[in-house]
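Below are the chains, spelled out letter by letter.
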Amino acid sequence: MVSAGHTEAELMGQSTSRLTPAARLRLVELVQAGRPASEVAETMGVSRSTVYKWLRRHHTDGVAGLRDRPSRPLNSPNRTDGPLEARIVSLRRGQRLGPARIARILRMNPSTVHRVLTRHGLSRLAAVEDSRGDS
C-alpha cells in the first residue's frame, strides 16, 4: 500500500539496506494504523530502534525522509587545501612529475598527492598529455 500522492516508483531506488523506501513507508503506515512497533519490527525483520528511526524521519521530513541518504560526509576538515592542490596540479601538468616526486618537493605523503591527482583526473600521465594537447 502506498500513501496518496506518492507512487511506488517514486519511493523505489537503489538500496542495499534491508528496507527499501517503499517498505519504510509500509512500516510507517502499519504503526500509524495501530500495530505495535515491536510487532512491526519483528514482521519486517528489523529492530525496534530502526522502526522508531523511520517513524521519526517520516514525522520530521514526510515521505522524503524515507529515502536513502548519502553516506558521504558534509565536510572534510582534513582535506588538502585549495592552494596546495593547485600547486600539486601545476607540478603535474607543468613538469609532468609523478606523485612521489611531487610529494618530496612539497614534503607531503605520496598517497595524498596521488589522491589529489585522482580527484583532478590526472592520476595517469596520459591524462596530463591529453589536457596539454600533446600526442
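On a predicted model such as this, the values are computed, not experimentally measured, just so you know.

Cut-offs applied
- Chains are numbered independently. Their residues run from 1 in the order of the written sequence.
- With pLDDT at 70 or above as the cut-off, local features in this predicted model cover only qualifying residues; side-chain atom pairs require 80 or more to be listed or tallied, and sums for whole chains, interfaces and linings still use all residues.
- Note that water and hydrogens are dropped before the side-chain values are worked out from all heavy atoms of the structure.
- Per-residue accessibility, obtained with a 1.4 Å probe over protein chains only, is compared with the maximum for each type, and a residue is labelled buried under 20%, exposed over 50%, and partly exposed between these values.
- By definition, any uninterrupted DSSP run of H or I lasting at least four residues is a helix, any uninterrupted run of E lasting at least two residues is a strand, and each is numbered from the N terminus.
- Relevant arc is that of directions from the helix axis to the C-beta atoms, nothing else.
- Working rule for contacts: check all heavy atoms of both residues, and any pair within 4.5 Å makes them a contact.
- Fitting a line to C-alpha atoms yields each axis, with helices limited to the stretch in contact; the angle taken between N-to-C directions then spans 0 to 180 degrees.
- Orientation labels follow simple angle bins: below 35 degrees gives roughly parallel, above 145 gives roughly antiparallel, 65 to 115 gives roughly perpendicular, and whatever is left gives oblique.
- Side-chain classes follow a simple rule in which Ala, Val, Leu, Ile, Met, Phe, Trp, Tyr, Cys and Pro form the nonpolar group, Asp, Glu, Lys and Arg form the charged group, and the remainder, Gly included, forms the polar group.

**Student:** Quick question: what am I supposed to make of helix 6 (residues 99–106) here?
**Tutor:** Residues separated by three or four positions in an α-helix point in the same direction, a consequence of the helix having 3.6 residues per turn. Inspection of helix 6 places Ile102, Ala103 and Leu106 among the buried residues, and these make up the whole buried set. Around the axis of helix 6, the buried residues are gathered within 100 degrees of arc, so they sit on the same side. Where helix 6 is buried, its residues contact helix 5 (82–95) and helix 7 (110–119). Positive phi appears at Arg107, one or two residues downstream of helix 6, with a value of about 55 degrees.

**Student:** Please clarify how unusual backbone geometry should be interpreted in this entry.
**Tutor:** Leaving glycine aside, a negative phi is the common case for residues, and trans is the common case for peptide bonds. For Arg96, which is not glycine, the phi dihedral falls at a positive 55 degrees. Unlike most non-glycine residues, Arg107 shows phi in positive territory, near 55 degrees. Counting through the fold element by element, Arg107 comes out in the loop between helix 6 and helix 7.

**Student:** Help me understand the packing of helix 5 against helix 7, please; the structure alone is not making it clear to me.
**Tutor:** How two helices sit against one another is set out by the angle between their axes and by the gap between those axes. Across the interface, helix 5 lies against helix 7 with an axial gap of 10 Å and an inter-helix angle of 80 degrees. By the angle between their axes, helix 5 is roughly perpendicular relative to helix 7. The segment helix 5 lies against helix 7, with Glu85, Ile88 and Arg92 engaging Val113, Val116, Leu117 and Arg119. Taken together, the residues of the contact of helix 5 with helix 7 break down into four nonpolar, no polar and three charged.

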